[in-house]
Amino acid sequence: KDTDTTADNGAYLTREALMSLSRRVLEHQGFSAEQARALGETLVAAQMDASHSHGLYRLLGIVQTLRQGAAVADAVPEVEDVAAGVVRVDAGGGFSPLAFELGLPLLVGKARDAGVALMAINHCVHSTALWVELERLTEQGLVAIVCNPTQAYMAPHGGSRPLLGTNPLAFGWPRPGREPLVFDFATSAIARGDIELHRREGKPIPEGWGVDRDGAPCTDPEEVLDHGAMLPFGQHKGSALALMVELIAGPMIGDLLSVESSEHDAGRAGLPYHGELIIAIDPARTAGATSEAHMDRAERLFDELLGQGARLPAQRRYRERALSESRGAWVPQALLDDIEALLA
Ligand code: NDP
């Protein structure tokens, strides 16, 4: 659903071109060089994997959020060594990628020492795909879980009004010599960015993604985004996972619930401000001296899954990444025009 390589109304851009465009926009809008680099790298990674809702499209929301005064463009995150298994990074109101990057070495060191460690990122504006961060941990041989609340965009199963966030949850499993197994999804039926893209393209959304202001099923993206509510995936199951994310990436790390993040936003419609939880686990500790053999046993599961004709999560992205590396990543012309306008 993330790709449109058939359309000719766009351009294929190399990784370098995407990065240069992102940095130029972000620095032109007042971001510090370090913030612009870290944020740009995350957006470009998403664009290269044809994750369009979290690629360069995000520049529009990021700039809007900055102009509303809802993000700090030159924030310098502060890393705190809290305990044997806990790292805290205060993002200082800036976007999350630089905070993640600065806390990463300490998190990896603690996970190696203790077997398991968590990093709490506090006071960050968040808008990125979580797999970008997960891959930084799996490439170190670590198993990882990442999650965060958002804003009160989603009704709980059985409810009809926005209360929970779209609360993404992501999992990464290292596979030596191969791309990691990663899944990464919103606990809503679909990510909010995808409904925004439908609004932008004037297309209705499928039933099951949202309800209108009266709690009735609705296919109008505008009504769902501005007046109604999004819905969880898998009914009570997605709803319960969203609730868990609210708790462990909210109060448990001393940060906001989605509903509190909405109150903080105070109607500015900015990108969400809240915390993020990253858990890293070192199989060399949890599985012991023969951990490599144990990790190898997982491959049987993957082989048999593929043998049934199923695919592994992230396989689509890796395929898109290889294509983008060879012929550039596709960016629609309408988006390029909107991005160009940010340089005026
Ligand atoms: P998708 O529904 O697009 O995909 C969910 C996961 O399932 C992906 O890992 C995907 O792999 C995998 N998958 C999809 N189809 C199959 C299949 N047939 N077989 C096996 N695996 C499959 O995700 P969402 O729309 O829910 O979320 C998209 C992104 O939005 C995520 O990256 C998430 O982090 C981000 N997000 C971020 C938020 C934030 O606060 N920053 C809020 C909400 C979402 P593949 O990618 O290869 O298709």
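Residues numbered from 1 in each chain as written. Predicted model: local features only at pLDDT ≥ 70, side-chain atom pairs only at ≥ 80, totals over all residues. Heavy atoms only, no water.

Peer 1: Honestly, the overall build of the chain in this entry has me stumped. Any pointers?
Peer 2: Scanning the chain for helices and strands turns up 13 helices and 11 strands. Counting only C-alpha atoms, the chain reaches 55 × 45 × 45 Å along its principal axes. Every one of the 344 residues in the chain was classed for burial, and the buried ones make up 52%. Surface accessibility of the chain: about 15100 Å² in total, with carbon and sulfur atoms responsible for 53%. (Helix = DSSP H or I, 4+ residues; strand = E, 2+ residues; numbered from the N terminus. Buried < 20%, exposed > 50% of the residue type's maximum accessible area, 1.4 Å probe, protein only. Areas by Shrake-Rupley, 256 points an atom, 1.4 Å probe, with all protein chains shown as cover.)

Peer 1: Would you mind going over the packing of aromatic side chains with me for this structure?
Peer 2: To describe a pair of aromatic rings, you give the distance between the ring centres and the angle between the ring planes. For the coordinates displayed, the defined rule picks out 4 aromatic pairs. Measuring from centroid to centroid gives 5.2 Å for Phe183 and Phe185, while their planes differ by 10°, and the two rings are stacked. Using a relative accessible area of 32% as the deciding quantity, one classes Phe185 as partly exposed. Members of the aromatic cluster, joined through ring pairs, are Phe171, Phe183, Phe185 and Phe233. The ring of Trp131 carries Arg317 above its face, with NZ or CZ at 3.8 Å from the centroid. (Phe/Tyr/Trp six-rings, centres within 6.5 Å; stacked < 30°, edge-to-face > 60°. Lys NZ or Arg CZ within 6 Å of the ring centre and 35° of its normal.)

Peer 1: Whenever I open this one, the nonpolar core confuses me. Can you help?
Peer 2: Side chains that are nonpolar tend, in soluble globular proteins, to be buried together. Formed by 33 residues in total, the largest nonpolar core has its most connected members in Phe31 and Leu56. Residue assignment for this core shows that the elements contributing at least two residues are helix 1 (15-28), helix 2 (33-48), helix 3 (58-67), strand 11 (329-332) and helix 13 (333-341). For Leu56, the contacting residues outside a window of four places in its chain are Leu18, Leu21, Ser22, Leu43, Val44, Gln47, Leu335 and Ile339. Residues Leu107, Val108, Leu134 and Val182 belong to the second largest nonpolar core, which totals 30 residues. (Core = buried A, V, L, I, M, F, W, Y, C linked by side-chain atoms within 4.5 Å. Contact = heavy atoms within 4.5 Å.)

Peer 1: Got a minute to help me understand the environment of Ala266 in this structure?
Peer 2: Tracing the chain through its elements places Ala266 in the loop between helix 9 (258-265) and strand 10 (273-281). According to the relative accessible area criterion, Ala266 is exposed, its value standing at 59%. Once the C-alpha coordinates of Ala266 and Pro283 are considered, the two residues, 17 residues apart in sequence, prove to be 43 Å apart.

Peer 1: So what exactly am I meant to see when it comes to the sheet that holds strand 5 (residues 143-147) here?
Peer 2: On the basis of which strands lie adjacent, the open sheet formed by 7 strands has the order 2-3-4-10-5-6-7 and mixed pairing. At either end of the open sheet lies a strand with only one pairing partner, and these are strand 2 (78-83) and strand 7 (178-185). Taking each pair of neighbouring strands and ignoring which way they run, the sheet shows an average axis angle of 15°. The sheet contact formed by strand 2 and strand 3 (residues 86-90) spans 5 bridges and is antiparallel. Each residue of the ladder has a partner; that of Glu78, found in strand 3, is Asp90. (Pairing = 2+ DSSP bridges. Axes fitted to C-alpha atoms, helices over the stretch in contact; angles between N-to-C directions.)

Peer 1: Sorry, what's going on with the pattern of salt bridges here?
Peer 2: Pairing between side chains becomes possible if they bear opposite charge and their charged atoms approach one another. By the definition in use, this model includes 21 salt bridges. Glu325 is the salt-bridge partner of Arg15, the closest N and O atoms lying 2.6 Å from each other. Here Arg15, found in helix 1, pairs with Glu325, found in helix 12 (residues 315-327); they are 310 residues apart in sequence, far enough to count as distant. Owing to a relative accessible area of 30%, Arg15 belongs among the partly exposed residues under this scheme. The partly exposed category is assigned to Glu325, whose relative accessible area is 45%. For the salt bridge of Glu101 with Arg37, the shortest nitrogen-to-oxygen distance reads 2.6 Å. You can see Glu101 sitting in helix 4 (residues 96-114) and its partner Arg37 sitting in helix 2, a full 64 residues away along the chain. One salt-bridge network, in which partners are shared between bridges, spans Glu34, Arg37, Glu41 and Glu101. (Salt bridge = Lys/Arg side-chain N within 4 Å of Asp/Glu carboxyl O.)

Peer 1: What am I meant to see in the pairing of strand 7 here?
Peer 2: In regular strands, side chains alternate between the two faces of the sheet. Two strands pair when backbone bridges link them, and strand 6 (residues 169-175) and strand 7 are joined in this way by 6 bridges, in the antiparallel orientation. Bridge pairing in strand 7 places Trp173 opposite Leu181. Between strand 6 and strand 7, which pair antiparallel and follow one another directly, the connecting turn spans 2 residues, one of which, Gly177, has a positive phi of 80°.

Peer 1: Explain the packing of helix 1 against helix 2 here, please?
Peer 2: Two quantities define a packed helix pair, namely the angle between the helix axes and the distance between the axes. Contact pair helix 1 / helix 2: the axes reach a minimum separation of 8 Å and the direction vectors enclose 140°. Taken as axis vectors, helix 1 and helix 2 run oblique relative to one another. As for how helix 1 packs across helix 2, the hand of that crossing is right-handed. Across from Arg15, Leu18, Met19, Ser22, Arg23, Leu26 and Glu27 in helix 1, the residues of helix 2 making contact are Ala33, Ala36, Arg37, Leu39, Gly40, Glu41, Val44, Gln47 and Met48. Here the residues of the contact of helix 1 with helix 2 sort into 8 nonpolar, 3 polar and 5 charged. (Parallel < 35°, antiparallel > 145°, perpendicular 65-115°, else oblique. Left-handed = near helix turned anticlockwise from the far one by under 90°. Nonpolar A, V, L, I, M, F, W, Y, C, P; charged D, E, K, R; others polar.)

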